[in-house]
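An overview of the molecular structure
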Amino acid sequence: QVQLVESGGGLVQAGGSLRLSCAASGRIFRINIMGWYRQAPGNQRELVATITSGGSTNYADSVKGRFTISRDNAKNTVYLEMNNLKPEDTAVYYCNSNVQTSFFNYNFYWGQGTQVTVSS
C-alpha cells in the first residue's frame, strides 16, 4: 500500500558526512510527520530527528548541531544530512512516516533500514 525506500548509507571515517534519503510511494493522500530512527546492535531503536509537513523539526540531543533533517513534499521524500559523524553514530537508520491513504485513514510506516558505519 505504502512503501518507504531508504538510500545513502555506507561506511565513512569519523568526522565525515553522509546523506540519507527516504522516498515514499504508493497510495498516498498526504504525508504528515516524517522522521529518522536508528538502532545499534544490542540497543533499542531511538529517535534521531523528525520533521512535520510544515517544516518544524525536532532532534535528539546527541545529534543536534551535526545532523539536519529536511523534506521535499513534492517528491514525498525526507532527507538526513549527517556531518561530523562519530563512531557512536553507527547503526541501522530507519525512515518512519505518518501517511494518510485517504482523508480518514492513516498509519505509520517504516522503511527497511540502511546501515551507517563510522570508523574511528
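It should be noted that the structure appears before, not after, this text.
Scope of this entry: the structure provided in the associated data block. (Residues numbered from 1 in each chain as written. Predicted model: local features only at pLDDT ≥ 70, side-chain atom pairs only at ≥ 80, totals over all residues. Heavy atoms only, no water.)

**Examining the pairing of strand E5 (residues 46-51)**
Our working rule: Paired strands are those between which DSSP finds at least two bridges. Think of it this way: any DSSP run of H or I at least four residues long counts as a helix, any run of E at least two long counts as a strand, and we number them from the N terminus.
Note: strand E4 (residues 30-39) against E5, 5 bridges, orientation antiparallel. Within E5, the position partnered with Arg38 by the bridge is Glu46. In this structure, the hairpin formed by E4 and E5 is closed by a connection of 6 residues, where Gly42 is found at a positive phi of approximately 80°. Bridge analysis of E5 against strand E6 (residues 57-59) gives 3 bridges, and the strand direction is antiparallel. Considered in E6, the bridge of Ile51 is made with Thr57. From the end of E5 to the start of E6, which pair antiparallel, there are 5 residues, and Gly55 there has a positive phi angle of about 100°.

**Considerations on the nonpolar core**
What counts, and what does not: Note on terminology: a nonpolar core comprises buried Ala, Val, Leu, Ile, Met, Phe, Trp, Tyr and Cys residues joined through side-chain atoms within 4.5 Å. Buried means the residue's accessible area, taken with a 1.4 Å probe over protein chains only, is under 20% of the maximum for its type, while exposed means over 50%, and partly exposed covers the values in between.
One finds Trp36, Leu80, Met82 and Tyr93 to be the most contacted residues of the largest nonpolar core, which totals 30 residues. Only strand E1 (2-7), strand E3 (18-26), E4, E5, strand E7 (67-72), strand E8 (77-82), strand E9 (91-100) and strand E11 (114-119) provide two or more residues apiece to this core.

**A closer look at the pattern of salt bridges**
Two side chains of opposite charge can pair, provided their charged atoms sit close to one another. Quick reminder of the rule: What makes a salt bridge here is a side-chain nitrogen of Lys or Arg within 4 Å of a carboxyl oxygen of Asp or Glu, nothing more.
What the rule picks out here adds up to 5 salt bridges. One salt bridge connects Arg19 with Glu81, and the closest N-O pair in it is separated by 3.7 Å. Of this pair, Arg19 sits in strand E3 while Glu81 sits in strand E8, and the two are 62 residues apart along the sequence. On the accessibility criterion, Arg19 (45% relative accessible area) is partly exposed. In this structure, Glu46 and Arg38 form a salt bridge, with 2.7 Å as the shortest nitrogen-oxygen distance. Owing to a relative accessible area of 36%, Glu46 belongs among the partly exposed residues under this scheme.

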